[in-house]
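Structural features, examined
What follows is each chain in one-letter form.
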Amino acid sequence: MSVPYCLNIHPGESLAAVREAITTHARAVKAAVSPDAPYPLGLRLAEAAVRELVEPAALDSFRALLAEYDLYATAINGFPYGVFHGAPVKTEVYRPDWTAPERLSYTACLAKVLAAILPEGFAGNVSTVPLGYKGAGVGRQESDVLYARQLAIMAEFLHDLKERTGREIVLALEPEPDCLLENTADVVAWFEDVFLYEGRRWLAARRRHTPEEAEALLRRYVGVCLDTCHFAVAFEDPLAALLRFESASLRVARIQLSAAVRAMVTDASLKRLAAFVDPVYLHQTKIRLPRSRIQAFPDLTPETLEAARQYPGCELRTHFHVPLFFGGDDTLGSTRVDLTPAFFAHADSRGYPLEIETYTFDVLPPELRPGSVVESLVKETRWVQAALPTRR
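The residue count restarts for each chain, going from 1 along the sequence in the order it is written. Note on the predicted model: pLDDT of at least 70 is required for a residue's local features to be given, and 80 or more for side-chain atom pairs to be given and counted; whole-chain, interface and lining totals, by contrast, use all residues. Hydrogens and water are ignored here; the side-chain numbers use all heavy atoms of the structure.

**What to know about the packing of aromatic side chains**
Selection rule: Between 30 and 60 degrees the pair is tilted, below 30 it is stacked and above 60 it is edge-to-face, where a pair is any two Phe, Tyr or Trp rings, Trp via its six-membered ring, whose centres lie within 6.5 Å. Here the term buried applies to any residue with accessible area under 20% of the maximum for its type, exposed to any over 50%, and partly exposed to those in between, with areas from a 1.4 Å probe on protein chains only. Any Lys NZ or Arg CZ that is within 6 Å of a ring centre and within 35 degrees of that ring's normal is treated as a charge sitting over the ring.
Scanning the entire structure with this criterion turns up 14 aromatic pairs. Residues Trp-190 and Phe-195 carry aromatic rings whose centres are separated by 5.3 Å and whose planes lie at 10° to one another, so their mutual orientation is stacked. Phe-195 carries the same exposure label as Trp-190, and that label is buried. Centre to centre, the rings of Phe-343 and Phe-344 are 5.4 Å apart; their planes meet at 65°, and the pair counts as edge-to-face. Taking relative accessible area as the criterion, Phe-344 reaches 3% and is therefore assigned buried. Just above the ring of Phe-361 sits the side chain of Arg-369; from NZ or CZ to the centre is 5.8 Å. The ring of Phe-325 has Lys-379 sitting right over it, with the charged end atom 4.3 Å from the ring centre.

Now the structure itself:
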C-alpha cells in the first residue's frame, strides 16, 4: 500500500485549485510510485473549497475525478482554514481556533465530504489546530471549557455521521510548537484533566449519553495527529510520544512524516540558516541549552539568528519542513534521524495512517529543492517506501 502525501504542498483555496493539483501533480506522482494500484491522497480543502464541494453536483464530479485516475482519500488536512500559499500566513494559520463556531462548522463540512468519498472499510481522519495559538483568544480557564465543549459537539456529530453513513471519521488534534497543545505532556494533561471531564459532563447533561458512553465516544472520535517535525522541534522522540499516547489510551488518528532543520550553533550554520528565513510561514525555533533547558523563539528571523550567537555549540531546531530525502550535510542536519527503524516498525505494526507532509517546497532554499514539486514528492515517497518495506 502506498503512503499518501498531503496536498497542502499545492494551493487548495478553491475547488478548482484542488482539482488542478490532483490532475497535474498527484496524477504524476501516482504514475511514478503506484502505476498499477489505487493511490491514496491526503486532501487539503480550505473553507471556500469545501463549501463548494459539499454541493451534491460538485461532490459527484469530484468522486468521478478520483475514480477516473484510480485515486482515493482517507484524510483531510483541516488545519489551515483559509489562504496557505502565496501570501503571509504566520499566526493566521491558527485562526479561527476551537472557541469559534466557524472552526466547528468548517470541520463538520470536511467530515461530511470525507464520509461521502471514503472507501468502504477505511476509517477517515481530519486533522485540525491544537485548540489554538498561545496568547490568542480569551483567558485560558474560560477557553478550556469552550474548547472542550466545541470538541464534544464535534465528537457527537462524528458519532451521528457514523450512524447515518457507516463511515467513521476521527478528528485529529495536531500539536505544534507554541500552541496550546505543544508536546506530549500538554496533550495527555489536557485530555485527562480538561477534555474528558468537561466533554463528559457536557454530553451527559444533554441526557443522550451516560458518562461512560460519553467518555467512550470522546475517545473514539477525537484523537491526535502526530507530526514528527513538530515533536522534533520540541526535542521529543516520536516513538516515545507514540508510546505515551498509547499508554494514555489516546487514539493516534494519523502520523505525518516530516522533518525539521537542525544544526549546531556556529557561524557557518547561522549563515546557512539565513536562507530559511521567509515571510510566508511561521518557523518556531528552539535551542537546547545545558541541563535540557530550552530557549524558544516564536519565529526564525534575522533577530533570532543574531540572538542564537550567544549559545555556541548548542543544538538549534526550527519548524521548517525539509524533504525527507535530505539527510543533512556538513553544516545543516535534519530531524529525519528521529525516524528510526524502531519508529517505523512500531507505526507499521499498529497500522497507523501515515502521510508525507512537506508543504514548504515553494520557500525551500534552492539547494534543497529538486527541479519540480513532483520530483521532490516522488523522492520523498520512495524514501518512505524504503523505510516501510511491508507497505511497498
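What follows continues from the structure just given.
**Some words on the sheet that holds strand E11 (residues 333-334)**
Applied cut-off: Here the rule is simple: two strands pair whenever DSSP picks up at least two bridges between them. The way it works is that DSSP assigns letters per residue, a run of H or I at least four long becomes a helix, a run of E at least two long becomes a strand, and they are numbered from the N terminus.
Strand order in the open sheet formed by five strands is E9-E8-E10-E7-E11, with antiparallel pairing between adjacent strands. Every interior strand has two partners, whereas the edge strands, strand E9 (294-297) and E11, have only one.

**Details of the pairing of strand E8 (residues 285-288)**
It is a general feature of regular strands that their side chains alternate between the two faces of the sheet. Two strands pair when backbone bridges link them, and E8 and E9 are joined in this way by four bridges, in the antiparallel orientation. If you follow Thr-285 over to E9, its bridge partner there is Phe-297. The hairpin turn running from E8 into E9, its antiparallel successor, is five residues long, and Arg-291 in that turn takes a positive phi close to 60°. Pairing geometry for E8 and strand E10 (residues 315-322), over four bridges, is antiparallel. In the strand pairing of E10, Ile-287 is matched with Leu-316.

**Some details on the side chain of Thr-184**
Mapped onto the secondary structure, Thr-184 falls in helix H6 (residues 184-205). Under the relative-accessibility criterion, Thr-184 is labelled buried at 6%.

**Structural notes on the packing of helix H1 (residues 15-33) against helix H13 (residues 373-387)**
Convention followed: Only the contacting stretch of a helix is used when fitting its axis, a line to C-alpha atoms as for every element, and angles between N-to-C directions run 0 to 180 degrees. Angles below 35 degrees are treated as roughly parallel, those above 145 as roughly antiparallel, those between 65 and 115 as roughly perpendicular, and all remaining angles as oblique. Handedness of a crossing is defined here by the sense of rotation of the near helix relative to the far one, left-handed for an anticlockwise turn of less than a right angle and right-handed for a clockwise turn. A contact between two residues is defined here by any heavy atoms of the two lying within 4.5 Å. Throughout this entry, Asp, Glu, Lys and Arg are counted as charged residues, while Ala, Val, Leu, Ile, Met, Phe, Trp, Tyr, Cys and Pro are counted as nonpolar. The remaining residues, Gly among them, count as polar.
Where H1 meets H13, the closest approach of the two axes is 9 Å, and the angle between their N-to-C directions is 40°. On the basis of their axis angle, the class for H1 and H13 is oblique. Like other packed secondary-structure pairs, H1 and H13 cross with a definite hand, here right-handed. Residues His-25, Ala-28, Val-29, Ala-32 and Val-33 of H1 touch H13, and the partners they reach there are Val-373, Val-374, Leu-377, Val-378, Thr-381, Arg-382 and Gln-385. Within the contact of H1 with H13, the residues separate by chemical class into eight nonpolar, three polar and one charged.

**Observations concerning the pattern of salt bridges**
Stated formally: What counts as a salt bridge is simple: a side-chain nitrogen of Lys or Arg found within 4 Å of a carboxyl oxygen of Asp or Glu.
What the rule picks out here adds up to 24 salt bridges. Put simply, Asp-60 and Arg-63 hold a salt bridge, and the shortest N to O gap is 2.7 Å. Taken as a pair, Asp-60 and Arg-63 lie in helix H3 (residues 56-68) at a separation of three residues, close to a single helical turn. Classification of Arg-63 as partly exposed rests on a relative accessible area of 34%. Notably, a salt bridge pairs Arg-220 with Glu-168, separated by 2.4 Å at the nearest N-O pair. Of this pair, Arg-220 sits in helix H7 (residues 211-221) while Glu-168 sits in the loop between helix H5 (140-165) and strand E4 (169-173); the two residues are 52 residues apart in sequence, bridging distant segments of the chain. Salt bridges sharing common partners tie together Arg-262, Arg-288, Glu-315, Arg-317 and Asp-338.

**Considering the sheet that holds strand E1 (residues 39-44)**
Strands sit in the order E1-E2-E3-E4-E5-E6-E12 across an open sheet of seven strands; the sheet is parallel. Two strands in the sheet have a free side with no partner beyond their single neighbour: E1 and strand E12 (354-356). When the angles between neighbouring strand axes are averaged without regard to direction, this sheet yields 30°. Looking at chain direction, E1 and strand E2 (residues 71-77) are connected through six bridges and run parallel. Within E2, the position partnered with Leu-43 by the bridge is Ile-76.

**So, the side chain of His-319**
To keep things clear, this is the line we draw: Within 3.5 Å is the distance limit for a polar contact, defined as a pair of N or O atoms, with the added protein rule that one can donate a hydrogen and the other accept it, and that residues adjacent in sequence qualify only through two side-chain atoms.
You can see His-319 is positioned in strand E10. Judged by its relative accessible area of 2%, His-319 is buried. A polar contact is formed between the side chain of His-319 and the backbone oxygen of Leu-282, at a distance of 3.5 Å. Within the structure, His-319 has its side chain in polar contact with the side chain of Gln-284 (distance 2.6 Å). What His-319 contacts, discounting residues up to four positions off in sequence, is Glu-176, Cys-229, His-230, Val-233, Leu-282, His-283, Gln-284 and Tyr-359.

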